[in-house]
Structure formats: C-alpha cells, structure tokens
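Summary of structural features
Listed below are the residues making up each chain.
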Amino acid sequence: MPDGVGQLVFTFGFPEEQPKDDAEETEATSTAASSQPFAARSRPERKRKWHSLIDKVYALRNLQAAWARVQANGGAPGGDGVTLAQFAQDADVRLQQLAADLRAKTYRPQPVRRVFIPKSGGGERPLGIPTVRDRIVQQALLQILEPIFEAKFSSRSHGFRPGRGCATALDVVDRAVRYGYGWVVDADLQRFFDTVDHERLLAAVNEEVADGSILRLIRRLLTAGVTLPETAEVEPTELGTPQGGPLSPLLANIYLHAFDVQMVAEGYGLVRYADDFVIFAKSESEATAALERAREILEGQLGQRLHPEKTQVVTVASGFAFLGYHYHRDPRSGEWRKEVRRQSVQRFRDAIRQRTPRLRGQRKPKVRHLTYPRLAKNQRLGKMIRDLNRYLRGWHGYFRAVWSAYPASPFRNFDGFVRRRLRSAISGRGGLVWNARLPTQLLKQLGLVSLDELQREYRAGCLAAPARKGKPGGEPYAGKPHVRFGKAGGLATPS
C-alpha cells in the first residue's frame, strides 16, 4: 500500500447512537482490518480519500494566508470584542499560538455573536459573526478543503465557488430562457442554514476526508453556540451552520452536493446558487415531476424543507425570480424581459436612503449658496457623493445585464431617485422646487455617477467588442443560442 495521500480506504460500520468523528479506518491503520479476510472487502467498497490534513491546516504559512484573507475581507469583531486592528498589532505571535493550539488539539472556538439584518421581503435574517481567531481557523480549513471538494462538485452549482458565481448562474438561466424552456420550478429552501443536520454534513465531508482531527474540528465549529444579542446567554447550536463564517458556504455546497448529483443524473435542468435554485423543463408534467423529485431528496434525504408559499411550478413566460432578477415575457411586445426584481429595487432604495441622511434641525439653505464652488468645499457632501458612487458602480456592475424595454438606458428612474435623495440631503427639504435650485448638471459637476450613463457606456462597449459565437457584435445574449440541458451538467450544444 502506498503511504500518504491516495491510500486505499475501507468503510466499517459504527454504532449510530454515539457520534463518531474519527476517520474511517484504512487497511494500514486498522486493527480490525488485519483480523478479517482480505476477500471480504470487495473492490467496489474501496475508495480513495484524503487523510493527514490537519498539519496542512495549522501550518504557519497557511494560517498567515488565512489571516491576510480575513483582514482583507474586513468585518466586525466577534463575541470576544477583538477587532481586526487589535489582532494585527501582534498578529505573528497570535498566529504562532493558534498554530500551537491546533497542533496540540487544545483549540476551542468561541460562540459566534448573533446579529440580525433586515430582509428585503420583511423580517430579519440571523447572522453569526465568529471571532477573528475563529475566522482565521475557518479560512485555513477552507483553503485546504476547497480544492478537494471542487474536484467533485457539479457544474450545476455556482454559489461561492472559484471561477463561478452569480454571473455564471445567470448566464445558464439566460440561455435556458432564450432556448425555449417553457416551464420552471421556482423553489426556495426554508431556513436552510439554520437546519443543516450536523451528522449528515460530517458524513458528507468524511466521504472525501479521512482525518478524524479535521472532522472533530469542524464539529466544534458547528456546535460552538451563539451569543444572543444584548445578553450573556449562549444558545447551543445542535443544527445549522451559522451564516457569516468563511467556511459556511463550502459546507453548504458539500451538504447539497447529493441533491445536485441525483437531479443531474435524472436529466433535470437544475441551476443552483447556494440554497437558491431553479429547475427548467419542457412541459408542465416534467416540471411537476422535477419538483416532486427535488422534494423527495431535500426533505426525505437531507432533512430540508421547501418553502410552501415560495415554491411553485410556473411558466417561464409568466415570470420567475432568480438572484435579484425577474424574468418574464412582455405580453404586449412578446419580447423577453430580464429586469431588476421588485425586492431588489426596494433594497436599492433603502441603501440610497441610508447614504443620504438629512441632518437633524437642518436649516433651509439660501439659494445664493447653492453654487458649485461652495458645494464643492462641503466635506460632508463630498463624502456622501463618494459613498454613493461606490455603491452605484457596484450595483450597476451586477444589474447591467438587464433585458429591458429601454435597452440603451433602463436606469433613468433609479437616477431620478438618487438625485432626489441627494437634493433632500443637501437642502433638508423635498419638493420639485429643489430640482431647479440643484439641477442635474450641478450634481454631475459635483461628481455624482449616473446609472444611465454607466449603462450607455456598457452597451456601447458590448456593441464595439469583437463578435463571439452566439453573441454577435459583443451584444450580451443576442439572438437565440442553440443550447440544451444535458445529463453531464450545465448547458450543452446539441449535435
């Protein structure tokens, strides 16, 4: 038997009543293996696994790279109150101590700090913020485990993966809509991150990783608990993986990989981004069958629950939502539309309002003071416009690929809302009179970005780009690409 990575591994049963994080025994390490006939372990049971990975996790170079990534990502402190700046003051010493704790198996993660963020559809979403030290450990684990699981993940999975993301998922959806799939399963998992079963998750990790130290470390991170807001109480986490840690997206993809594999093997047109997915079909009966099969896998095998109100089978023409966009066919023109979803519009407005607050007790400015030289010197206004511009450029970078009734400039109404909010922040007042006193040209002189102009520049660049197959003249998804879903995954060109 070869030593090291790639050693043949044989599976043995363990009692279910006691959780077992030790790796499945190998022929070289198991005492039971030597006492049983070799023929009893048939060839189909053999599986190559990765083991002895914990030393790669606590290697100082890996922890340093993890710290650099955590520092670059920013974020608030966890339950211990240690900020990124405080950790950075003696980062080398802290990382060496962290490596020693992991090597000695004395490292214990602290409970994550629970915060709530508003949801676009109302209500709040729980978010768990680990300590800086725990985020580094999660990132270090991610850097070692991600390449292992990337080799097996389905091409239908796009969320939080290298070289993939919202853009690639939407690319597949765009082509499926253009190709002519008439039905879609518009699905939503209910509280996915709060209901992940730890035993199922660890078993899925153990399919590739035969290192008990890694499995125990992941279990400790999952069961570290949650510190409730404004109290010192710690709530146990017997289910779920907290959103907010670097490792959670990878664990989510590992957990849902079985769903991807089974749906693809049965030929269904699945496109998944984390816990958000759609399934395309040619007929209503095929879409209904796909929904029932998805329910069997998710609820029967993985312990998840499809949202009863947000999961439905609909025609593509009547409309469905995915990753912030709303797809539908215009009933008047018969053309396909891919527009900003209503909830995304509301989220945009809320973000602009947060960035354009009025000052309490703000006095009405004199008209003669509303000139470019005076406003350009206003530090508060300059900071506000810079903050707006960063947000607007990022927002446009995501939503620029719309299919609108106004293909050259579909964002005029968004620009109007931004200008009204900025005028209100400058004057402390609202009303049409301020449109004349603070005209659009003046706001442009002050440096305010226009979504309309950004979109025109983007469209001009697309039209000027060299023609590509299926995209004449650089036009995004012009014409009707001839594509179909294949059992191998993704979209395939038919022969």
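Shown above is the structure to which this text applies.
So, here's what we can say about the structure. A quick note: this is a predicted structure, and the numbers were derived from the prediction, not measured.

What follows deals with the overall build of the chain. Regarding its fold elements, the chain presents 18 helices and 15 strands. The buried share among the 495 residues of the chain stands at 47%. Residue pairs at least 24 apart in sequence account for 71% of intrachain contacts in the chain once pairs closer than 6 positions are excluded. A total of about 25,200 Å² of accessible surface is found on the chain, and carbon and sulfur atoms cover 50% of it.

Strands sit in the order E11-E12-E13 across an open sheet of three strands; the sheet is antiparallel. Pairing within the sheet leaves two strands with one partner each, and these edge strands are strand E11 (320-322) and strand E13 (336-340). Each adjacent strand pair in this sheet contributes to an overall mean axis angle of 25 degrees, direction not counted. Bridging between E11 and strand E12 (residues 325-329) involves three bridges; their strand directions are antiparallel. For Ala321, the partnering residue across the bridge sits in E12 and is His326.

With that out of the way, let us pick up the pattern of salt bridges. According to the stated counting rule, one finds 22 salt bridges in the structure shown. Among the salt bridges present, the one from Asp174 reaches Lys338, with a minimum N-O distance of 3.0 Å. Here the residue Asp174 occupies a position in helix H7 (residues 166-179), and Lys338 occupies one in strand E13, the gap between them amounting to 164 residues. Residue classification places Lys338 among the buried positions, given a relative accessible area of 2%. Between Asp194 and Arg191 there is a salt bridge; the shortest N-O distance is 3.6 Å. Taking the relative accessible area as the measure of exposure, Arg191 reaches 56% and is therefore exposed. Look at the salt bridges and you will find they share partners, linking Asp330, Arg332, Glu335 and Arg337 into a network.

The sheet built from four strands is open, its strands ordered E4-E3-E6-E7 with mixed pairing. On the outer flanks of this sheet lie strand E4 (124-129) and strand E7 (234-235), each paired with one strand and no other. Sheet topology note: the strand E6 (residues 226-227)/E7 ladder contains two bridges and is antiparallel. For Val226, the partnering residue across the bridge sits in E7 and is Glu235.

Below, the discussion takes up the environment of Gln86. In this structure, Gln86 sits in helix H4 (residues 84-89). Ignoring anything within four residues of it in the chain, the contact list for Gln86 reads Gly81 and Arg94.

Our next topic: the side chain of Ser404. Inspection of the secondary structure puts Ser404 in the loop between helix H14 (379-399) and helix H15 (412-427). If we skip the residues at most four places from it in the chain, Ser404 touches Arg337 and Pro410.

Bringing the environment of Gln343 into the picture now. Along the chain, the position of Gln343 falls in helix H12 (residues 342-355). Residue classification places Gln343 among the partly exposed residues on the basis of a relative accessible area of 29%. Residues Gln343 and Gly324 lie 19 residues apart in sequence; the distance between their C-alpha atoms is 7.6 Å. Within the structure, the side chain of Gln343 is placed 3.2 Å from the side chain of Arg341, a separation counted as a polar contact.

Moving on to the packing of helix H8 (residues 198-206) against helix H9 (residues 212-222). Interhelical geometry of H8 versus H9 gives an angle of 150 degrees and a closest axis separation of 11 Å. The angle between the axes of H8 and H9 places the two elements in the roughly antiparallel class. Considering only the axes of H8 and H9, their crossing is right-handed. Two secondary-structure elements touch here, H8 through His198, Glu199, Leu201, Leu202, Val205 and Asn206 and H9 through Leu215, Ile218, Arg219 and Leu222. Here the contact of H8 with H9 is built from residues that sort into six nonpolar, two polar and two charged.

To continue, consider empty space enclosed by the protein. Applying the stated criterion across every chain yields a total of one cavity of 30 Å³ or more. By volume, the largest cavity is sized at about 100 Å³. The wall of the largest cavity is formed by 14 residues, among which Val112, Gln138, Leu221, Leu222 and Pro242 lie closest to the centre. Residue assignment for the lining of the largest cavity shows that the elements contributing at least two residues are helix H6 (132-150), H9 and helix H10 (248-265). By residue class, the composition of the lining of the largest cavity is nine nonpolar, four polar and one charged.

Over its 14 residues, helix H3 (residues 60-73) extends 20 Å from the first C-alpha to the last, a length consistent with the 20 Å expected when each residue adds 1.5 Å. Every buried residue of H3 is accounted for by Asn62, Leu63, Ala66, Trp67 and Val70. Considered in projection along H3, the buried side chains sweep an arc of 135 degrees and stay on one side of the axis. What points out from H3, more than 90 degrees from its buried face, is the exposed set Arg61 and Ala72. Within two residues after H3, Gly74 carries a phi angle of roughly 70 degrees, on the positive side.

Here we take up H10. Each α-helix turn comprises 3.6 residues. Residues three or four places apart therefore point the same way. In this model, H10 (18 residues) spans 26 Å end to end at C-alpha, consistent with the 26 Å of a helix rising 1.5 Å per residue. Most of H10 sits out of view: 15 of its 18 residues are buried. With its phi angle positive at about 85 degrees, Gly267 sits one or two positions after the end of H10.

Backbone geometry at Lys105 places phi at a positive 60 degrees, although glycine is not the residue there. Note on placement: Lys105 falls in the loop between helix H5 (91-104) and strand E3 (112-118). Take Lys105: its relative accessible area is 48%, and that puts it in the partly exposed class. Unusually for a residue other than glycine, Arg191 sits at a positive phi of about 55 degrees. Here Arg191 shows up in the loop between strand E5 (183-188) and H8.

Rules and cut-offs
- Residues numbered from 1 in each chain as written.
- Predicted model: local features only at pLDDT ≥ 70, side-chain atom pairs only at ≥ 80, totals over all residues.
- Heavy atoms only, no water.
- Helix = DSSP H or I, 4+ residues; strand = E, 2+ residues; numbered from the N terminus.
- Buried < 20%, exposed > 50% of the residue type's maximum accessible area, 1.4 Å probe, protein only.
- Contact = heavy atoms within 4.5 Å.
- Areas by Shrake-Rupley, 256 points an atom, 1.4 Å probe, with all protein chains shown as cover.
- Pairing = 2+ DSSP bridges.
- Axes fitted to C-alpha atoms, helices over the stretch in contact; angles between N-to-C directions.
- Salt bridge = Lys/Arg side-chain N within 4 Å of Asp/Glu carboxyl O.
- Polar contact = N/O pair within 3.5 Å; in protein donor to acceptor, adjacent residues only side chain to side chain.
- Parallel < 35°, antiparallel > 145°, perpendicular 65-115°, else oblique.
- Left-handed = near helix turned anticlockwise from the far one by under 90°.
- Nonpolar A, V, L, I, M, F, W, Y, C, P; charged D, E, K, R; others polar.
- 1 Å grid on protein atoms, 1.4 Å probe; cavity = no way out; pocket = protein on both sides within 12 Å on 5 of 7 lines; lining within 4 Å.
- Points joined across faces, edges and corners; volume = space filled by probe spheres on them.
- Expected span 1.5 Å × (residues − 1).
- Arc of directions from axis to C-beta.

Take it as geometry only, folks, not as evidence of what the structure does.
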